[in-house]
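# Working through the structure, step by step
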There are 2 protein chains.
Amino acid sequence: MKKTILVVLLLAPLFATAQSDYKEDSIFIRKIFNTALTDGKSYEMLRHLTLNVGPRLSGSAGAAKAVEYTRDVMKDEKFDHVFLQNVMVPHWVRGAKEQAAIVNGKQKVSVPLVALGGSIATPKTGITAGVIEVKTFQELRDLGTEKVKGRIVFFNRPMDTTKLNTFDAYGGAVDQRGAGASEAAKLGAIGCIVRSVTTRLDDVPHTGSMRYASGAPMIPAAAISTNAAELLSKTLKSNPETQFFFKQNCETFPDAPSHNVIGELKGSKNPAEFMVVGGHLDSWDIAQGAHDDGAGCVQSIEAVRLLKVLGYKPNNTLRAVMYMNEENGLKGGIAYADSAKSKSEKHVAAIESDRGGFTPLGFGIVGTAAQKAKIIGWQKLFKPYGLHEIGVGGGGADIGPLGQQGTVLLGLIPDSQRYFDYHHAANDTFDKVSRRELELGAASMAAMLYLLDKYGVN
Amino acid sequence: MKKTILVVLLLAPLFATAQSDYKEDSIFIRKIFNTALTDGKSYEMLRHLTLNVGPRLSGSAGAAKAVEYTRDVMKDEKFDHVFLQNVMVPHWVRGAKEQAAIVNGKQKVSVPLVALGGSIATPKTGITAGVIEVKTFQELRDLGTEKVKGRIVFFNRPMDTTKLNTFDAYGGAVDQRGAGASEAAKLGAIGCIVRSVTTRLDDVPHTGSMRYASGAPMIPAAAISTNAAELLSKTLKSNPETQFFFKQNCETFPDAPSHNVIGELKGSKNPAEFMVVGGHLDSWDIAQGAHDDGAGCVQSIEAVRLLKVLGYKPNNTLRAVMYMNEENGLKGGIAYADSAKSKSEKHVAAIESDRGGFTPLGFGIVGTAAQKAKIIGWQKLFKPYGLHEIGVGGGGADIGPLGQQGTVLLGLIPDSQRYFDYHHAANDTFDKVSRRELELGAASMAAMLYLLDKYGVN
């Protein structure tokens, strides 16, 4: 028992310091949130990015405008250094608007359809063929070449809406979109249509990337709205000879030059050690990309700006990074990590926001057990702002490649209920973003960046 | 130490029972959420209530339609007993659309304005007068009669947007709307305009109830949009002689007959003991009342319906109650409690949803310490669904009057960030409601109702 008392006495000054430090931190974090909620700039930045710049798929004029805009914003905010990083990106173009219809005998019902990113076009007159509906790749393979050949394969597995975390539900359905076309083509299908990967039943088709497997014939792939998927499934039940027609005009051009956009505050103690907050600047061509991921971009700029306007002098160099090409290549994330490696820029920690501008609930962490424990130890500092789950979930796609360099990865985790209502679709617009929710996310990132910078991760 | 072991051994069977019971509960609650998220009806009920019935201020034709609709829904769902309870309600009518303008010399700028509920009309030609801007009642009183007399008092204290719980911010601003007119009239003001009580800066005016204090002259009272409030304040700074014009045509008629709507499942063990889930059926006349409080109504019906379709046989009699007249009188809540008392209907517990159809985060509780502790003990059953704050906050306005009869009161607490963007305003429309968020709230209420019914509150 005496031993215990001795240990407590010895440790007491340490605890006292930790206590008083956290009190100071608590006050500073309150300032961050107050500033974001009263004089935050993320919402007005997002207004410009979505309404003035608009859609910004990699390689497009919109993407180039977005690069300029975010660079100019960070220059205007007088970040210490703002620069572009060259990235070659895929350049896929949708072309003229798609057409699609369910053809049941003489009846032809038009349905909403969008080509999947990376898909080839149909022939100029479109494709009309019989339809095989499946829910899994196994079901498809069990049907075999005989039943699939010459047909359009229709993947109709819905998202599991009973999953509370809608990203889990997304993970359980998105394979159809990514790999469905090649799985179908291997069995002789001539086209592939996929039920939109969304939690809603509506008339809005959701695009997203698909990949052709090497060795499989390339066939056109598209998504139809969930209401259209329900209608097609019903029609097929009453008439298995129902045909589907679609026509799309997309084209892949040679890779194009583009940029990551980087703005930094120089570190006062360890200027050669870096901490990053980032989102991705590209969006799908049919969307304003408000939640995906305009929100993450403006929150990242805002996180650094908040620390700056509050007079915080960082120990490490803090960077806001707008990654290019998350949607259909991840070339920006890869180029950023490659550059860090080749320049021996030690990246201590990176935070990503790419789950929408909704009310923040916590942060995911990828790191060692000790690093996770240290960050989870700050949980009580976030509790007053509604973030109650620190350490559940991972980082993010764009910062992922940094993981190989020992960087601790953190992902902002907002409420996920509405995300897939808008994801990759034309309804992902500025008006779907709540100013307060967006600002709370930016402030949360600023607070986490501050703690990481002040206390380190080890 | 031996004593401790003995106690643990003695209590072990109790814990074992509690454990296994909770496992069963956990499975049943999962069924509730799964059913709500896949076959929930609250969203379609809300669609009808907002888009087909529409605004439903007490005494209006819309309110009468809402009574019929919700009665019919509960009859169609084959609740054991569905009935109406008579309530006399205030009958205030807005009349022709208001007009308003800031008059700065020869310049006249129209601004969005809505009369406050309960206000009198202006003279037919409107009121035009000089403006005194204040932020507090004290500031007003300090000005004194001389400066206020013959003028319009403009209350311009914004909501404190740094408060994370926006209901706290509402509480800090709404006195201006409720009591401002009479405070101004006591000093000789001839009109009262109030900055809309909202977290947003926009052009949408928010109405709400006001009360005339006895003894003070009755003067017309209205709310202007927050952008208009900013403009008026700025204009007054550059020209203190700026005048304000408004014209409103509202009128109070004699109290009108209306109804609470009640649907119940009979208790199998204690049919004379009651548990209530409720929301209020009336809305402001300018709004569809989607979040306020169509959401609470359809969630209440849905909570009872979910238990019914899952085959749950309640011990107590469970009631979904659509209260009439929360907005401008609370006559429904009072009449319900009066009736319960006069019929000696023992009300064990009541749950209210009147904070919008947003992602549920917890329940507030009003009860004894022991009752609160018991309910908080169920917290882990709610955790998988994102509800992590059981016991923080109170019940609700409509169930409040039951509190005097010893009823435990619970309030569903959803995320509050967006609520005051829409509260009492024309933008409180169906499209602002997320299906999943609404359904999660209904399932949370069903789960709490189930636990209350199964385990009681004592």
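Along each chain, residue indices are assigned from 1 in the same order as the chain's sequence is written. Labels are handed out in written order, letters beginning with A for the chains and numbers beginning with 1 for the ligands. Two thresholds apply to this predicted model, a pLDDT of at least 70 for residue-level local features and 80 or more for giving and counting side-chain atom pairs, whereas whole-chain, interface and lining totals are computed over all residues.

### Observations regarding unusual backbone geometry
Residue and element names in this part refer to chain A. Put simply, Asp-292 and Asp-293 share a cis peptide bond, and its omega is -5°. We count a stretch as a helix when DSSP gives it H or I for four or more residues in a row; a strand needs E for two or more, and each element gets its number in order from the N terminus. For Asp-293, the position within the fold is in helix α8 (residues 290-309). At His-424, a position not held by glycine, the phi torsion is positive, near 65°. Tracing the backbone through its elements, the reader meets His-424 in the loop between α12 (419-422) and α13 (435-455).

### Quick look at the sheet that holds strand β9 (residues 243-247) of chain B
Within a sheet, each strand pairs with its neighbour through backbone hydrogen bonds, oriented either parallel or antiparallel. Residue and element names in this part refer to chain B. For two strands to count as paired, DSSP must find a minimum of two bridges between them. The strand order across the open sheet formed by eight strands is β3-β2-β9-β5-β6-β7-β8-β4, and the pairing between neighbours is mixed. Across the chains shown, the open sheet's two edge strands, defined by having one partner strand only, are β3 (107-110) and β4 (113-115). Strand after strand, the sheet turns through a mean of 30° between neighbouring axes, direction not considered. Sheet topology note: the strand β7 (residues 191-195)/strand β8 (residues 221-224) ladder contains four bridges and is parallel. Considered in β8, the bridge of Cys-192 is made with Ala-221. It is the C-beta atoms, placed from the backbone, that decide contacts: two residues are in contact if theirs lie within 7 Å. A fitted line through C-alpha atoms serves as each axis, taken over the contacting stretch for helices, and the angle formed by two N-to-C directions is quoted from 0 to 180°. The sheet strands contacting helix α4 (residues 137-148) are β5 (127-134) and β6 (152-155), and the helix crosses β5 at an angle near 145°. Each of β6, β7 and β8 is contacted by helix α6 (residues 175-186), which is oriented at about 155° to β7, the strand it contacts most.

### Quick word on the relation of the copies chain A and chain B
For these two chains of identical sequence, chain A goes onto chain B by a turn of 180° and a shift of 0.0 Å along the axis, with RMSD 0.0 Å. Both copies of the chain, as the preceding transformation shows, are related through a two-fold rotation axis. By residue overlap, the copies meet face to face through one surface: 100% of the interface positions of chain A are interface positions in chain B. For this overlay, a least-squares fit was computed on C-alpha atoms, restricted to residues scoring pLDDT of at least 70 in both copies.

### Considering the environment of Asp-255 of chain B
All names here are of chain B. With respect to the helices and strands, Asp-255 occurs in strand β10 (residues 251-265). Residues with at least 20 other C-beta atoms within 10 Å of their own are called buried, those with 12 or fewer are called exposed, and the rest are partly exposed. The C-beta atoms themselves are positioned from the backbone. Residue Asp-255 is classed as partly exposed on the basis of its 15 C-beta neighbours within 10 Å. When the C-alpha atoms of Asp-255 and Ile-27 are compared, they prove to be 49 Å apart, with 228 residues separating the residues in sequence. Sequence-distant contacts of Asp-255, defined by excluding residues within four places in its chain, comprise Met-88, Val-89, Pro-90 and His-91.

### Concerning the pairing of β7 of chain B
Residues and elements named next belong to chain B. Judged by how many residues are buried, β7 sits mostly within the fold: five of five residues are covered. Residues of β7 alternate between two faces, with Gly-191, Ile-193 and Arg-195 on one and Cys-192 and Val-194 on the opposite face, all of them buried. Of the strand pairs in this sheet, β6 and β7 are connected by four bridges, and their pairing is parallel. Bridging across to β7, Phe-154 finds its partner in Ile-193.

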